[in-house]
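Here are the chains, one letter per residue:
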Amino acid sequence: DTGVSQNPRHKITKRGQNVTFRCDPISEHNRLYWYRQTLGQGPEFLTYFQNEAQLEKSRLLSDRFSAERPKGSFSTLEIQRTEQGDSAMYLCASSWKQATEQYFGPGTRLTVT
Amino acid sequence: QKEVEQDPGPLSVPEGAIVSLNCTYSNSAFQYFMWYRQYSRKGPELLMYTYSSGNKEDGRFTAQVDKSSKYISLFIRDSQPSDSATYLCAMETKTSYDKVIFGPGTSLSVIP
């Protein structure tokens, strides 16, 4: 399977803990996106990388959130001092250069208790 | 007003029916229009992608874009139970680093 993969698929954590998610994009794609989706809503843009450069961050991405894409391959999204409001599905997508089609991974479902 | 509006449903139709799903938007700069299908607890899957106004057909699916009315539609012919999912419209300008704006999704159930 050469699609976008995300790990873990599910994460349950206690409020105040730090969590890190990983995304492996389609290998030839140089653009990688993170989205957050809550129940009954469409995905909301969080941040975007072209190769290893983080080119845009949403206002939704508070200081507790940080994303990296070292070497322009996989990406990690870390949430520090988690809050219950962080509970959501975190989706990763990738695309090739100027192409508009973004291909999504299965998501990581975060539950903060 | 949200940038992209979509009737959340749920929409329930009998198998074989023609389904019409719609979105309206407010940003006239949107140029690229997409429809994604999302099964429960899965990531969105790209169904259709169109540029500017016009129609695009792919099998049982037809996407229509009317930029003058800021209105897009997805038609599903001969609907099947496997089409039961949430359908998300999405759109994008080319001036915002490929940031895609999604509608909230319409939940569709096709009853055998």
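None of the values given here were measured: they were computed from a predicted structure.

A. Here's a closer look at the interface of chain A and chain B. The interface of chain A with chain B comprises 25 residues on the first partner and 22 residues on the second. Of the roughly 1800 Å² buried at the junction of chain A and chain B (both faces included), carbon and sulfur atoms supply 53%. Put simply, chain A and chain B have two residue pairs in polar contact (both at pLDDT 80 or more) between them. Where the side of chain A that touches chain B is concerned, the elements lending two or more residues are β4 (31–37), β5 (44–50), β6 (53–57) and β9 (88–95) of chain A.

B. Spotlight on the packing of aromatic side chains. Inspection of every chain in the model, using the stated rule, returns 14 aromatic pairs over all chains. Consider the rings of A:F21 and A:Y90, whose centres lie 5.4 Å apart with planes at 40°: the pair is tilted. Of this pair, A:F21 sits in strand β3 (residues 19–24) while A:Y90 sits in strand β9, and the two are 69 residues apart along the sequence. When the ring of A:F65 is compared with that of A:Y90, the centres are 6.5 Å apart and the planes differ by 40°; the resulting orientation is tilted. Separated by 25 residues along the polypeptide, A:F65 in strand β7 (residues 65–68) and A:Y90 in strand β9 bring together distant segments of the chain. Residue A:Y90 is classed as buried on the basis of its relative accessible area of 0%. An aromatic cluster of at least three residues, connected via ring pairs, comprises A:Y33, A:Y35, A:F45, A:Y48, A:F104, B:Y36 and B:F102. Just above the ring of A:F74 sits the side chain of A:R22; from NZ or CZ to the centre is 3.9 Å.

C. Up close: the state of the cysteines. For the structure shown, the criterion picks out two disulfides over all chains. Each disulfide pairs two cysteine sulfurs, and for A:C23 the partner residue is A:C92, the sulfurs being separated by 1.8 Å. Given an S-S torsion of about -65°, the disulfide between A:C23 and A:C92 has left-handed geometry. Residue A:C23 is located in strand β3, and its partner A:C92 is located in strand β9; the two are separated by 69 residues in the primary sequence. Considered together, A:C23 and A:C92 belong to a single accessibility category, that of buried residues. The residue that forms a disulfide with B:C23 is B:C89, at a sulfur-sulfur distance of 1.9 Å. Looking down the S-S bond of the B:C23 and B:C89 bridge, the torsion is -100°, so its handedness is left-handed.

D. Examining the sheet that holds β7(A) more closely. All names here are of chain A. The antiparallel open sheet is built from four strands, whose spatial order is β1-β3-β8-β7. Across the chains shown, the open sheet's two edge strands, defined by having one partner strand only, are β1 (5–7) and β7. Across the sheet, the mean angle from the axis of one strand to that of its neighbour is 15°, orientation sign disregarded. Bridge count for β1 against β3 is three bridges, and the pairing is antiparallel.

E. Molecular detail of the environment of A:K71. When you line up the elements, A:K71 lands in the loop between β7 and β8 (75–79). Each C-alpha atom, one on A:K71 and one on A:A53, is 9.4 Å from the other, the two residues being 18 residues apart in sequence.

F. The arrangement of the sheet that holds strand β8 (residues 71–76) of chain B in detail. Residue and element names in this part refer to chain B. A sheet is described by the order of its strands in space; here five strands give the open sequence β1-β3-β8-β7-β6, paired in antiparallel fashion. Every other strand in the sheet has two partners, leaving β1 (4–6) and β6 (54–58) as the edge strands with one partner each. With strand direction ignored, the average angle separating the axes of adjacent strands in the sheet is 15°. Strand direction decides the pairing type here: β6 and strand β7 (residues 61–66), joined by five bridges, are antiparallel.

G. Summary view of the side chain of A:R36. Relative to the helices and strands, A:R36 is located in strand β4. With near-sequence residues (within four places) excluded, A:R36 lies in contact with A:G42, A:P43, A:E44, A:L46, A:L60, A:F65, A:A88, A:M89 and A:Y90.

H. Geometry of the pattern of salt bridges. Residue and element names in this part refer to chain B. Within the structure shown, the criterion is met by six salt bridges over all chains. With a closest N to O distance of 2.9 Å, D83 and R60 form a salt bridge. With a gap of 23 residues between them, D83 in the loop between β8 and β9 (85–92) and R60 in the loop between β6 and β7 connect regions that are remote in the sequence. Residue D83 is classed as buried on the basis of its relative accessible area of 1%. A relative accessible area of 26% places R60 in the partly exposed class.

Calculation rules
- Residues numbered from 1 in each chain as written.
- Chains lettered and ligands numbered in written order.
- Predicted model: local features only at pLDDT ≥ 70, side-chain atom pairs only at ≥ 80, totals over all residues.
- Heavy atoms only, no water.
- Contact = heavy atoms within 4.5 Å.
- Buried area = accessible area lost by both parts, 1.4 Å probe.
- Polar contact = N/O pair within 3.5 Å; in protein donor to acceptor, adjacent residues only side chain to side chain.
- Helix = DSSP H or I, 4+ residues; strand = E, 2+ residues; numbered from the N terminus.
- Phe/Tyr/Trp six-rings, centres within 6.5 Å; stacked < 30°, edge-to-face > 60°.
- Buried < 20%, exposed > 50% of the residue type's maximum accessible area, 1.4 Å probe, protein only.
- Lys NZ or Arg CZ within 6 Å of the ring centre and 35° of its normal.
- Disulfide = S-S within 2.5 Å.
- Pairing = 2+ DSSP bridges.
- Axes fitted to C-alpha atoms, helices over the stretch in contact; angles between N-to-C directions.
- Salt bridge = Lys/Arg side-chain N within 4 Å of Asp/Glu carboxyl O.

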